[in-house]
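# Secondary and tertiary structure notes
Read off the chains here:
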Amino acid sequence: MKMLQAPQFARDMHRGEEDAVDALLRTAFAGDAEARLVQKLRKTGVMAGETVLPLDDKIVGYYALSHMVKPKGWLCLAPVAIHPDLQRRGHGKRMMGMLTEWARLTKTPIVVLGNPDFYERAGFSRQSAAKLQSPYPIEHTMLAGIGNASPAEALIYPSAFDGL
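The sections below set out a description of the structure shown in this document.

Reading the values: the criteria
Residues numbered from 1 in each chain as written. Predicted model: local features only at pLDDT ≥ 70, side-chain atom pairs only at ≥ 80, totals over all residues. Heavy atoms only, no water. Pairing = 2+ DSSP bridges. Helix = DSSP H or I, 4+ residues; strand = E, 2+ residues; numbered from the N terminus. Right-handed = clockwise from strand over helix to strand, strands pointing away. Buried < 20%, exposed > 50% of the residue type's maximum accessible area, 1.4 Å probe, protein only. Core = buried A, V, L, I, M, F, W, Y, C linked by side-chain atoms within 4.5 Å. Polar contact = N/O pair within 3.5 Å; in protein donor to acceptor, adjacent residues only side chain to side chain.

Moving on, we come to the pairing of strand 5 (residues 110–113). Across three bridges, strand 4 (residues 75–82) lies against strand 5 in parallel orientation. Of the residues in strand 5, the one forming a bridge with cysteine 76 is valine 111. Taken together, strand 4, helix 3 (residues 91–106) and strand 5 constitute a β-α-β crossover, and its handedness is right-handed. With four bridges joining them, strand 5 and strand 6 (residues 141–144) adopt antiparallel strand pairing. Counterpart to valine 111 in the pairing with strand 6 is leucine 143.

The next thing to look at is the pairing of strand 2 (residues 47–55). For strand 2, the buried fraction is high: seven of the nine residues fall into the buried class. Sheet topology places strand 1 (residues 11–12) next to strand 2; two bridges connect them, and they run antiparallel. In the strand pairing of strand 2, aspartate 12 is matched with threonine 51. A loop of two residues connects strand 2 with strand 3 (residues 58–67), the two strands running antiparallel in sequence, and aspartate 56 in this loop sits at a positive phi of about 55 degrees.

Quick look at the nonpolar core now. In terms of nonpolar packing, the biggest core is built from 29 residues, with Tyr62, Tyr157 and Phe161 touching the most fellow members. Going through the elements one at a time, helix 1 (18–29), helix 2 (33–44), strand 2, strand 3 and strand 4 are the ones with two or more residues in this core. Ranked by residue count, the leading element in this core is helix 2, at four residues. Of all hydrophobic cores here, the second largest spans 21 residues; its members include Leu53, Leu55, Ile82 and Met96.

What follows covers the environment of tyrosine 136. You can see tyrosine 136 is positioned in the loop between helix 5 (126–129) and strand 6. For tyrosine 136, a relative accessible area of 18% corresponds to the buried category. For the pair tyrosine 136 and isoleucine 146, spaced 10 residues apart in sequence, the C-alpha to C-alpha distance is 20 Å. Looking at tyrosine 136, its side chain comes within polar contact range of the main-chain oxygen of phenylalanine 161, at 3.2 Å.

So, in structure tokens, the structure goes:
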């Protein structure tokens, strides 16, 4: 009888796992834009943290947090990836749920641009982001870590995001 395998707990990325993350991003997004973004975030020194979801000796999930230029102290979440073979099984939602709970407990604002159906189920809020000024579509911009507040702030992303 073969046991079902499930990913382990999400953890900080270890040195030497960069190539595995790069491969995951290229597979999950069917291109290299997100992998190039992560490389730029690392190179420019604005990466706040990288989290992976391991399965045996593979990396099957990933997200990056980088420091926003403004507002100071805010973080930006991008990219988020789950290997296509493991999508729609709750792994991404679980990773995002743990992140939004950390943001809530530490009162760390995290901005994400993406699919509201997915991110709102994981704890991000479009309503909290409604008064933000962003270079990206506000209807796809969400916030976590600020409670019920709806700050009126201008978002300035790290330069690595320019041209995306």
